[in-house]
Amino acid sequence: MRILIANDDGIYSPGIATLAEVASKFGEVRVVAPDVEQSSAGHAITALRPLSYKRTPIGNFEAYRVNGTPADCVALGAYHWEKVDVVLSGINLGSNLGNAMWHSGTLAAAKQAVLLGLRGIALSATVARDEPNFDILKPSLEKVLALLLQDRDLSLVNVNFPDEKPKGLRWTRQSVRHYDGKVVPGEDPLGRKLFWFTVIPIEGTEEGTDRWAVEHGYVSMTPLRLDLTNEKELAGAQLRHPLD
Ligand code: MN
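What counts and how
Residues numbered from 1 in each chain as written. Predicted model: local features only at pLDDT ≥ 70, side-chain atom pairs only at ≥ 80, totals over all residues. Heavy atoms only, no water. Helix = DSSP H or I, 4+ residues; strand = E, 2+ residues; numbered from the N terminus. Rg over C-alpha atoms; globule rule 2.2 N^0.38 Å. Buried < 20%, exposed > 50% of the residue type's maximum accessible area, 1.4 Å probe, protein only. Contact = heavy atoms within 4.5 Å. Pairing = 2+ DSSP bridges. Right-handed = clockwise from strand over helix to strand, strands pointing away. Salt bridge = Lys/Arg side-chain N within 4 Å of Asp/Glu carboxyl O. Donors = N, O, S within 2.8 Å, 3.2 Å for Na, K, Ca; no water.

**Student:** Sorry, what's going on with the overall build of the protein chain here?
**Tutor:** A tally of helices and strands in the protein chain yields 6 helices and 11 strands. The C-alpha radius of gyration of the protein chain comes to 19 Å, within 12% of the 18 Å expected for a compact globule of 244 residues. Projected onto its principal axes, the C-alpha coordinates of the protein chain cover approximately 55 × 55 × 45 Å. Counting all 244 residues of the protein chain, 48% fall into the buried class. Taking contacts inside the protein chain between residues at least 6 apart in sequence as the whole, the part at least 24 apart equals 75%.

**Student:** How should I be thinking about unusual backbone geometry in this particular structure?
**Tutor:** Trans is the common state for peptide bonds, and a negative phi is the common state for residues other than glycine. At the junction of Gly90 and Ile91, the peptide bond is cis and its omega measures out at -10 degrees in the coordinates. Looking at the element boundaries, Ile91 is found in strand E5 (residues 86–93). A positive phi is found at Ser40, a non-glycine position, where the angle reads about 65 degrees. In this structure, Lys83 is a non-glycine residue whose phi angle is positive, near 60 degrees. Secondary-structure assignment places Lys83 in the loop between helix H2 (70–80) and E5.

**Student:** I would appreciate a short explanation of the pairing of strand E2 (residues 28–34) in the present structure.
**Tutor:** Remark: a regular strand shows side chains that alternate across the two faces of the sheet. E2 sits mainly inside the fold: 6 of its 7 residues count as buried. Where strand E1 (residues 2–6) lies against E2, 4 bridges are found, and the strand directions are parallel. Each residue of the ladder has a partner; that of Ile5, found in E2, is Val31. Since E1 and E2 lie parallel, the crossover through helix H1 (residues 14–23) that links them has a hand, and here it is right-handed. Relative to strand E4 (residues 62–66), E2 runs parallel, the two sharing 5 bridges. In the sheet register, Val32 faces E4, and the bridge partner there is Tyr64.

**Student:** Where do I start with the pattern of salt bridges in this structure?
**Tutor:** Side-chain pairing between opposite charges can occur once the charged atoms of the two side chains come close. In this structure the tally under the stated criterion is 8 salt bridges. Where Glu28 meets Arg2, a salt bridge forms, and the shortest distance between an N and an O atom there is 3.7 Å. A residue pair is termed long-range when its members are at least 10 positions apart, and Glu28 in strand E2 and Arg2 in strand E1 qualify at 26 residues. With a relative accessible area of 45%, Glu28 lands in the partly exposed category. Between Lys138 and Glu21 there is a salt bridge, with its nearest N and O atoms 3.2 Å apart.

**Student:** What should I look at first to understand the coordination of the manganese ion in this one?
**Tutor:** Six octahedrally arranged donors around a metal ideally form angles of 90 or 180 degrees; four tetrahedrally arranged donors ideally form angles of 109.5 degrees. Coordination sphere of the manganese ion, protein contribution only: Asp8 (OD), Asp9 (OD), Ser39 (OG) and Asn92 (OD1), at 2.1 to 2.2 Å. Each donor residue of the manganese ion lies on the same chain, and together they follow the pattern D-D-x29-S-x52-N. Residue Asp8 shares its accessibility class with Asp9, and that shared class is buried.

Okay, structure coming up:
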């Protein structure tokens, strides 16, 4: 199995080294990741300037750093390495739950895999204060990969780890009731207005969702699809506004 690994934290993140190490138990691993952090880049691609890459081995793993976005890395990686089976993205330093998926560069790399006809799995770890303890997460990560890599009916999965030793794995749905994005005003040393577009903690999430599972100490696994069509509203619009 050929496993292409990307992320949005950049090639020097401890999360991508951990993922490469554990994934190498399941197949041949190659890393193609951004040269600098691209968190919250979403599914942006670099269309107005050319891309280039440089070889940057991570331990014994073939790895390349790209002057582009997570989606660029997957496109370039799949272009240079034929017969990739699956793209793994992460492990992100920070969760990608609920509506955070819209902004996530980690998930975008997995989505880009699906756009290219490959399978994609995004992996993120909750960060409480310090960096996540990847040694604690490794056994669960191995379980998750063993489960997801062999099931070819799963094309796109968003995986999130809690910030403690996981109690187990849970299949979940995306929590969409709440949005954690918030603009917080401040000022620079000269008194000029500045704004942080940041995230606020969300409480009271619904059982069965990704956020609920991670809050309760489980690894959350959410199968996703790229089709954004609102079937209910499409049917309603067709009924209310029949077109010639
Ligand atoms: Mn990130």
